[in-house]
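# A structural walkthrough
Each chain is listed here by its residues.
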Amino acid sequence: MPKVLNEASVVRLPPGVACVYTDGGNIGRNPSPLGGSWSWVAVDAHGAKVAQRAGVVTPAEVGMSKVTNNFTELLAVVLALEALSDGWAGQLYTDSKVTRGRVGQDGSASFRGIPGPLIARLCAARRRLGRYTVHLVAGHPTRLDLHRGHRKGVPVSRWNVLCDRLCQQAARVTRRWVLNFCSLEMIGDWKRELELVGMKYIRSVIWHKLGAPPQFQGRWPAQAALYQRYTAVPYA
């Protein structure tokens, strides 16, 4: 069985999350032979972002010939629920009617086309959590929709917009590892921001750049660039 479906999320958020927004999408058409992307954003009671995660999946990684939008929407919810603390009772938002029917604790929607291991993980998350409520938001709202707070009576949210952008970004970025170059003073800043979007920090080393020019004011020699390595962890 594919690793993606068998291994639960290793992320576990502290108490204090009030709302979670999730989204899923496809790379290209639906269903996609290339794969899909997922994302979730956790928000506290004051409307501040607590954490966000995003990633991509290929058909081979989930044991499917093609990845459907309904699958990535459900995967996003499962990964978000697995990250929440025991007994969590808050608000869950999705822009998928099918997913809302599947993930509600009283839902009885069909799981046709969804692999059994993912359904089992959803059931396990439900048992661990408290009483949460699932809401539908309108996907891809315009600026006017966001200003009004709804589209044709269905609520909209800037956090759902962020989820959608994270899905798009996840489909564009590298799947394995990235190298980042920065000054010594920015080690902590880069580490914090990249880990916030789900990347795993590996190491920082000094890269000695031969023939580097001195600092522009001419008072000191050039500073060596800092080399940082990160790996993409789309399922954490």
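Heads up: the structure comes first, above all this text.
What comes next is a walk through the structure. Source: prediction; values computed, not measured.

Parameters and conventions
- Residues numbered from 1 in each chain as written.
- Predicted model: local features only at pLDDT ≥ 70, side-chain atom pairs only at ≥ 80, totals over all residues.
- Heavy atoms only, no water.
- Helix = DSSP H or I, 4+ residues; strand = E, 2+ residues; numbered from the N terminus.
- Buried < 20%, exposed > 50% of the residue type's maximum accessible area, 1.4 Å probe, protein only.
- Contact = heavy atoms within 4.5 Å.
- Core = buried A, V, L, I, M, F, W, Y, C linked by side-chain atoms within 4.5 Å.
- Pairing = 2+ DSSP bridges.
- Lys, Arg positive; Asp, Glu negative; His and termini not counted.
- Salt bridge = Lys/Arg side-chain N within 4 Å of Asp/Glu carboxyl O.
- Polar contact = N/O pair within 3.5 Å; in protein donor to acceptor, adjacent residues only side chain to side chain.

## A few points about the overall build of the protein chain
The secondary structure content of the protein chain amounts to 8 helices and 10 strands. Counting only residues that meet the buried cut, the protein chain has 44% of its 236 residues in that class. Contacts in the protein chain between residues at least 24 apart in sequence constitute 69% of all its contacts with a sequence separation of at least 6.

## Here we look at the nonpolar core
Ranked by internal contacts, the top residues of the largest apolar core, which has 33 residues, are Leu13, Val20, Trp40, Phe71 and Leu81. Elements supplying a minimum of two residues to this core: strand S1 (17-26), strand S2 (36-44), strand S3 (49-57), helix H3 (69-83) and helix H5 (116-128). Per element, the largest residue contribution to this core is 10 residues, and it comes from H3. Among all residues touching Leu13, those that are not within four sequence positions of it are Trp40, Ala42, Ala51, Ala83, Leu84 and Ser85. With 12 residues, the next largest nonpolar core counts Tyr21, Tyr93, Trp159 and Leu166 among its residues.

## Some words on the pairing of strand S4 (residues 91-94)
Sheet analysis places S1 next to S4, joined by 3 bridges and oriented parallel. When the bridges of S4 are listed, Tyr21 appears paired with Tyr93. Sheet topology places S4 next to strand S5 (residues 133-136); 4 bridges connect them, and they run parallel. By the bridge assignment, Thr94 is partnered in S5 with Leu136.

## Focus: the side chain of Asp44
Looking at where Asp44 falls in the secondary structure, it is placed in strand S2. For the buried Asp44, no salt bridge is present, and the opposite-charge side chain at shortest range is Arg158, 8.6 Å distant. Engagement of the side chain of Asp44 in a polar contact is seen with the backbone nitrogen of His46, the distance being 2.9 Å. Here Ala48 takes part through its backbone nitrogen, which lies 2.9 Å from a polar atom of the side chain of Asp44. Ignoring any residue separated from it by four or fewer positions in sequence, one finds Asp44 in contact with Gly16, Ala18 and Val50.

## Observations regarding the pattern of salt bridges
Opposite charge on two side chains allows them to pair when their charged atoms are near. Evaluation of the coordinates by the stated rule reveals 3 salt bridges. Arg128 is the salt-bridge partner of Asp86, the closest N and O atoms lying 2.7 Å from each other. On the criterion of sequence distance, the pair formed by Asp86 in the loop between H3 and S4 and Arg128 in helix H5 is long-range, its members being 42 residues apart. Accessibility expressed as a relative area gives 24% for Arg128, which makes it partly exposed. Salt bridges sharing partners connect three or more residues here, namely Arg12, Asp86 and Arg128.

Nothing here speaks to function; it is all geometry.
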